[in-house]
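Remarks on the overall topology
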Amino acid sequence: MNTLSRLFDIVDRNNDIYAKSSMVAGKRNGKWISYSTAEFTHIINNISKSLLNRGFKKGDKIALMSGNRPEWNFIDFACNQIGVAIVPLYPTLSAQDLSYIVSDAEARLAFVSNTDLSSKLNMAIQEHQLELDVYTFDDVAGLKNYQELVKEGEKLDIDLTSYKEGVHSDDLLTLIYTSGTTGKPKGVFLTHRNILSNVEACENLVPAGISKALSFLPLCHIFERMVVYLYLSKGIEIHYAEDLDNIVADINEVKPQVFTTVPRVLEKVYDKVVEKGKTLTGIKKALFFWALDLGHQFQEPPVNGFFYNLKLGIARALIFSKWKTALGGNIELIVSGGAALQERLSRVFWAANIKVLEGYGLTETSPVIAVNSHVDTDVKFGTVGRVLKNLEVKIAEDGEILVKGPSISPGYYKNEEATREARDAEGFFHTGDIGLITPDGFLKITDRKKEMFKTAGGKYVAPQVLENKFMESTFIGQIMVIGENQRFPAALIIPAYDVLEKWCNHKGIPFDSREQVVKNPEVLEKYQREIDRLNTDFGQWEKVKKFELLTKEWSIDNGELTPKLSLKRKVILQKTAEIINKIYAE
């Protein structure tokens, strides 16, 4: 197999080994549109020629703001094969952050997908006097379409060979700006070598025989982007979902063998399955919850005994087979990242013969540091798997995870101070996460270093551990544990309102509005029972003593969640300051 040293070598590998009639496909207006390997190559070459004709050269940057679709790949590869770096822009960025990133990266051109995003970018251009040429993927009145570049490239007699040869493995591939909650975004500098070393170290994640994947996590995030490169490097056909609203329909149409996700999506899938099980009656309901309970008892495959496996075979045939059918029927593998996955979800999905691989990484590490395997003897629930073979990890005295290796970013763009602060004298990158390595060699994350807090009594509390446990309740949609410098931990809870409404109807409790129901004494008593039940395994200083039910979900658009659905704690603390003061005033 030909060696990969620059990202666009993946395309050459596809042409040499994996050429097929459908390399990537996107859904537009309810219809799948596929591109063959030959068409893919032809399009990116034409765009490269047009960019060169417009004066773009190695080291220049081009911004890209779009949902997942084949055009994302076209622009990405057209740029990287001539040494132009892509600057992905999250569609949820504010006009202020958009303008800052475009200016800081010195992008001269931007590609956007549709009318909404072009309007958003245009607002940033006008408000901050940006000099930026804009092309769109969809037809947008008054703006140029990227197809103009494709057609123009057809007519240009430019040999791309010398340009491709001029790109080296340590050249800048992309600038990804981190979405911090304080200060200005930092541009993470990632090279071809950084990302390709991660792709090659993760190749064993995907077993032989997998040929079709579905992609719906944002490509502007390094997790999904690297995995897409991994798919392409192995000749796996990629289908891009049109949007998250229709994801179930897309899964059943595409019938993928693999997809990536974040824990929140798996939690919602699980909760819906459980709610559906509750509507069953008689023997069907009894069998469902018998299988579910059995699934929660699932251990690492070699540990499960003969009689357990006998019962599991029955549960898979009668109950869990329907889970696979609901996910298209062919699903073998789900890779979860971006946040901590509830251990019980890993166990029950593996019990259902759907292997969920939890991994861990950061933008600065391209991104994967460690990940569990699909191999039965190489997985450990409650951990993020073994550290990749080409990385070195050590645990600092304070518990912080430090990492060194070829996938670690050289630093932050035009920010020498931040670059120096991120590494120690030995060149290890400081992840900001707290963890440990188990005796059998698996990495376990316990919390974010910056998110741990100390109570007024001097005890440390790891909020993510508590939150992950409380999310086991189907009645809790979102939760944030608070309590820094306070007498005790407390929680801000957003109920899973669909579940709560059904419970209220069953109990004969009025559900006229969210504002009314969160004050109902019976509802508050129900949530107190849930908190008490899930508090059991924690030390007295860690237990959540009080909680407040909120009416409005936290979202990316409102600035409370990052694009990977992690909590922006400082933002939420600011927005709920009055409520928090009330909790601790009593």
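Before reading further, recall that the structure is shown in the block above.
A brief structural summary. Keep in mind the model is a prediction, meaning the values are calculated, not measured. (Residues numbered from 1 in each chain as written. Predicted model: local features only at pLDDT ≥ 70, side-chain atom pairs only at ≥ 80, totals over all residues. Heavy atoms only, no water.)

In this section: the overall build of the chain. Secondary structure assignment for the chain yields 21 helices and 26 strands. The C-alpha atoms of the chain give 25 Å as radius of gyration, which agrees with the globular expectation for 586 residues (25 Å, within 12%). Sorting the 586 residues of the chain into buried and exposed places 56% on the buried side. Contacts in the chain between residues far apart in sequence, at least 24 positions, make up 66% of those at least 6 positions apart. In the form shown here, the chain has an accessible surface area of approximately 25300 Å², with 51% of it arising from carbon and sulfur atoms. One way to put it: in the chain the 72 positive side-chain charges average out to a point 4 Å from where the 76 negative ones average out. (Helix = DSSP H or I, 4+ residues; strand = E, 2+ residues; numbered from the N terminus. Rg over C-alpha atoms; globule rule 2.2 N^0.38 Å. Buried < 20%, exposed > 50% of the residue type's maximum accessible area, 1.4 Å probe, protein only. Contact = heavy atoms within 4.5 Å. Areas by Shrake-Rupley, 256 points an atom, 1.4 Å probe, with all protein chains shown as cover. Lys, Arg positive; Asp, Glu negative; His and termini not counted. Charge placed at Lys NZ, Arg CZ, Asp CG, Glu CD.)

Direction vectors running N to C along helix 4 (residues 95–105) and helix 5 (residues 115–127) enclose 70 degrees, while the axes themselves pass 9 Å from each other. Taken as axis vectors, helix 4 and helix 5 run roughly perpendicular relative to one another. On helix 5, the residues that touch Ala95, Leu98 and Ser99 of helix 4 are Lys120, Leu121, Ala124 and Glu127. Across the contact of helix 4 with helix 5, the residue classes tally to four nonpolar, one polar and two charged. (Axes fitted to C-alpha atoms, helices over the stretch in contact; angles between N-to-C directions. Parallel < 35°, antiparallel > 145°, perpendicular 65-115°, else oblique. Nonpolar A, V, L, I, M, F, W, Y, C, P; charged D, E, K, R; others polar.)

Attention now goes to unusual backbone geometry. Residue proline 367 is bonded to the preceding serine 366 through a cis peptide linkage, with omega at -5 degrees. A positive phi angle, close to 55 degrees, is found at asparagine 29, a residue other than glycine. Along the chain, asparagine 29 falls in the loop between strand 1 (24–28) and strand 2 (31–35). Non-glycine residue glutamate 106 carries a positive phi angle of around 60 degrees. Turning to its location among the elements, glutamate 106 is positioned in the loop between helix 4 and strand 5 (109–112).

Attention now moves to the sheet that holds strand 26 (residues 546–549). Spatially, the three strands line up as an open sheet ordered 24-25-26, and their pairing is mixed. In this open sheet, the two edge strands, each paired with only one partner strand, are strand 24 (476–482) and strand 26. Along the sheet, successive strands turn relative to each other by an average axial angle of 25 degrees, direction set aside. Alignment of strand 24 against strand 25 (residues 490–495), held across six bridges, turns out to be antiparallel. Counterpart to glutamine 478 in the pairing with strand 25 is isoleucine 494. Across the sheet, helix 21 (residues 577–585) is in contact with strand 24, strand 25 and strand 26; its angle to strand 25 comes to roughly 130 degrees. (Pairing = 2+ DSSP bridges.)

Here we come to the packing of aromatic side chains. Considering all chains together, one arrives at 19 aromatic pairs under this definition. Centroid distance phenylalanine 475 to tryptophan 503: 6.2 Å. Interplanar angle 85 degrees. Geometry classified as edge-to-face. With phenylalanine 475 in the loop between helix 16 (463–470) and strand 24 and tryptophan 503 in helix 17 (residues 497–507), this residue pair connects regions lying 28 residues apart in the sequence. Its relative accessible area of 13% is what places tryptophan 503 among the buried residues. (Phe/Tyr/Trp six-rings, centres within 6.5 Å; stacked < 30°, edge-to-face > 60°.)

Running from amino to carboxyl end, helix 2 (residues 37–53) crosses helix 3 (residues 70–80) at an angle of 55 degrees, the nearest separation of the two axes being 8 Å. In terms of their interaxial angle, helix 2 and helix 3 are classed as oblique. For helix 2 against helix 3, the interelement crossing comes out right-handed. Between helix 2, through Phe40, Ile43, Ile44, Ile47, Ser48 and Leu51, and helix 3, the contact on the second element is made entirely by Asn73, Phe74, Ile75, Phe77, Ala78 and Cys79. In terms of residue class, the contact of helix 2 with helix 3 is made up of 10 nonpolar, two polar and no charged. (Left-handed = near helix turned anticlockwise from the far one by under 90°.)

The next thing to look at is the nonpolar core. Counting residues in hydrophobic clusters, the biggest one holds 119 residues, and the most contacted among them are Ile47, Ile62, Phe77, Phe111, Ile195, Phe320 and Trp323. Among the elements that make up this core, the one with the highest residue count is helix 9 (residues 222–233) (nine residues). Residues Phe470, Trp503, Ile509 and Phe511 belong to the second largest nonpolar core, which totals 43 residues. (Core = buried A, V, L, I, M, F, W, Y, C linked by side-chain atoms within 4.5 Å.)

Right, let's get into helix 6 (residues 147–155). Listing the buried residues of helix 6 in full gives Leu149, Val150 and Gly153. The buried residues of helix 6 occupy an angular sector of 105 degrees when the element is viewed end-on, so they sit on one face. Away from its buried face, by an angle of more than 90 degrees, helix 6 presents the exposed residues Lys151 and Lys155. Along its buried surface, helix 6 packs onto helix 2, strand 5, strand 6 (133–136) and strand 7 (144–145). (Arc of directions from axis to C-beta.)

Here we take up the pairing of strand 26. Of the two faces of strand 26, only one is covered, namely that formed by Phe547 and Leu549; the face formed by Lys546 and Glu548 stays uncovered. Across four bridges, the pairing between strand 25 and strand 26 is parallel. Paired with alanine 491 across the bridge in strand 26 is phenylalanine 547.

What follows covers the pairing of strand 8 (residues 172–177). The element strand 8 is largely enclosed, with a buried count of six among its six residues. In this structure, strand 8 lies alongside strand 9 (residues 187–191), joined through five bridges in antiparallel fashion. Note on strand 9: the bridge partner recorded for isoleucine 176 is valine 188.

It is worth spelling out the sheet that holds strand 14 (residues 355–361) at this point. Within a sheet, each strand pairs with its neighbour through backbone hydrogen bonds, oriented either parallel or antiparallel. In space, the nine strands of this open sheet follow the order 2-1-11-10-12-13-14-15-16, with mixed pairing throughout. Edge positions in the sheet fall to strand 2 and strand 16 (386–387), since each has one partner strand and no second. Relative to strand 11 (residues 237–240), strand 10 (residues 212–215) runs parallel, the two being bridged by four bridges. The residue bridging alanine 213 from the neighbouring strand is isoleucine 238, located in strand 11. Strands strand 1, strand 2 and strand 11 of the sheet are contacted by helix 3, whose axis makes an angle of about 130 degrees with strand 1.

You can see threonine 431 is positioned in strand 20 (residues 429–437). Classification of threonine 431 by relative accessible area gives buried; the value is 4%. At 2.7 Å, the side chain of threonine 431 and the backbone oxygen of isoleucine 401 are in polar contact. A polar contact is formed between the side chain of threonine 431 and the backbone nitrogen of aspartate 433, at a distance of 3.1 Å. Once you skip the residues sitting within four places of it in the chain, threonine 431 turns out to touch Tyr360, Leu362, Ile369, Glu400, Ile401, Val403 and Arg448. (Polar contact = N/O pair within 3.5 Å; in protein donor to acceptor, adjacent residues only side chain to side chain.)

Before going further, it helps to spend a moment on helix 14 (residues 343–351). The buried count for helix 14 comes to eight of nine residues, which makes it a mostly enclosed element. Residues of helix 14 that are buried sit in contact with helix 11 (263–278), helix 12 (282–296), helix 13 (306–326) and strand 14. Once helix 14 finishes, asparagine 353 follows within two positions and takes phi at roughly 65 degrees, a positive value.

Another point: the pattern of salt bridges. Any two side chains of opposite charge can pair, given that their charged atoms come close. As enumerated under the stated definition, the model contains 33 salt bridges in all. Here aspartate 60 and arginine 108 are joined by a salt bridge, their closest N and O atoms 3.1 Å apart. Taken together, the residues span a long stretch of sequence, with aspartate 60 in the loop between helix 2 and strand 3 (61–65) and arginine 108 in the loop between helix 4 and strand 5 at a distance of 48 residues. Owing to a relative accessible area of 11%, aspartate 60 belongs among the buried residues under this scheme. Through salt bridges that share partners, Arg28, Arg69, Glu71 and Asp138 make up one connected network. (Salt bridge = Lys/Arg side-chain N within 4 Å of Asp/Glu carboxyl O.)

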